[in-house]
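What follows is each chain in one-letter form.
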Amino acid sequence: MKTKTYARFVKRWEEVTDLPPQTLGPLTRPYKKLTKRLKVMPWPWLVGISLIGVIGLYMILGSAITFLVTLLQRGF
């Protein structure tokens, strides 16, 4: 047997938990395609992005990247 309080609670719960789909304007479609792939197998993407980042830092900083890494390791 449901009481009035419980019925009001359920009604309010449905109002709070029922959220519309999020949109990003014109970027919604590419965002959904990207996240769909990342949810299935994120590791290959993360490894690839990390490699690109490391290569980019090496191209920008050159051999000074070893100094930066040493400095960061001492900080932790």
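Cut-offs and rules
Residues numbered from 1 in each chain as written. Predicted model: local features only at pLDDT ≥ 70, side-chain atom pairs only at ≥ 80, totals over all residues. Heavy atoms only, no water. Helix = DSSP H or I, 4+ residues; strand = E, 2+ residues; numbered from the N terminus. Areas by Shrake-Rupley, 256 points an atom, 1.4 Å probe, with all protein chains shown as cover. Axes fitted to C-alpha atoms, helices over the stretch in contact; angles between N-to-C directions. Contact = heavy atoms within 4.5 Å. Nonpolar A, V, L, I, M, F, W, Y, C, P; charged D, E, K, R; others polar. Patch = residues over 30% accessible without salt bridge, like charges linked within 9 Å, V, L, I, M, F, W, Y side chains within 5 Å. Salt bridge = Lys/Arg side-chain N within 4 Å of Asp/Glu carboxyl O. Lys, Arg positive; Asp, Glu negative; His and termini not counted. Charge placed at Lys NZ, Arg CZ, Asp CG, Glu CD. pLDDT = per-residue confidence, 0-100. Buried < 20%, exposed > 50% of the residue type's maximum accessible area, 1.4 Å probe, protein only. Phe/Tyr/Trp six-rings, centres within 6.5 Å; stacked < 30°, edge-to-face > 60°.

### Description of the overall build of the chain
Inference 1: Secondary structure summary: the chain contains 4 helices and 0 strands in total.
Inference 2: When the helices and strands of the chain are read in sequence order from the N terminus, they spell out α-α-α-α.
Inference 3: Counting only C-alpha atoms, the chain reaches 70 × 35 × 25 Å along its principal axes.
Inference 4: Summed over all atoms, the accessible surface of the chain reaches about 7,800 Å², with 69% contributed by carbon and sulfur.

### Regarding the packing of helix H3 (residues 42-61) against helix H4 (residues 64-75)
Inference 1: Where H3 meets H4, the closest approach of the two axes is 8 Å, and the angle between their N-to-C directions is 115 degrees. For the pair H3 and H4, contact is made by Leu 57, Tyr 58 and Leu 61 and by Ala 64, Ile 65 and Leu 68, respectively.
Inference 2: Each residue belonging to the contact of H3 with H4 can be placed in one class, and the counts come to 6 nonpolar, no polar and no charged.

### Quick notes on a positive patch on the surface
Inference 1: On the surface, a cluster of positive charge is contributed by Arg 29, Lys 33, Lys 36 and Arg 37.
Inference 2: Turning to its location among the elements, Lys 36 is positioned in helix H2 (residues 28-40).

### Points about a nonpolar patch on the surface
Inference 1: On the surface, Leu 57, Ile 60, Leu 61, Phe 67, Leu 68, Leu 71 and Leu 72 cluster together to form a nonpolar patch covering roughly 690 Å² of accessible area.
Inference 2: A total of 4 residues in the nonpolar patch trace back to one element, the largest contributor, which is H4.
Inference 3: Locating Leu 68 in the fold gives a position in helix H4.

### Points about the confidence of the model for the chain
Inference 1: Looking at the chain as a whole, the pLDDT averages 88, with 97% of positions reaching at least 70.
Inference 2: Mean pLDDT values for the elements of the chain range from 88 in H2 up to 92 in H3.

### Some words on the environment of Thr 70
Inference 1: Mapping Thr 70 onto the fold places it in helix H4.
Inference 2: Since its relative accessible area comes to 34%, Thr 70 is described here as partly exposed.
Inference 3: For the pair formed by Thr 70 and Tyr 58, sequence separation is 12 residues and the distance between their alpha carbons is 15 Å.

### Points about the packing of aromatic side chains
Inference 1: Applying the stated criterion across every chain, the model contains 1 aromatic pair.
Inference 2: Seen from their ring centres, Phe 9 and Trp 13 are 6.0 Å apart, and the 40 degrees between their planes marks the pair as tilted. Here the residue Phe 9 and the residue Trp 13 both occupy positions in helix H1 (residues 4-17), the gap between them amounting to 4 residues, near one helical turn.

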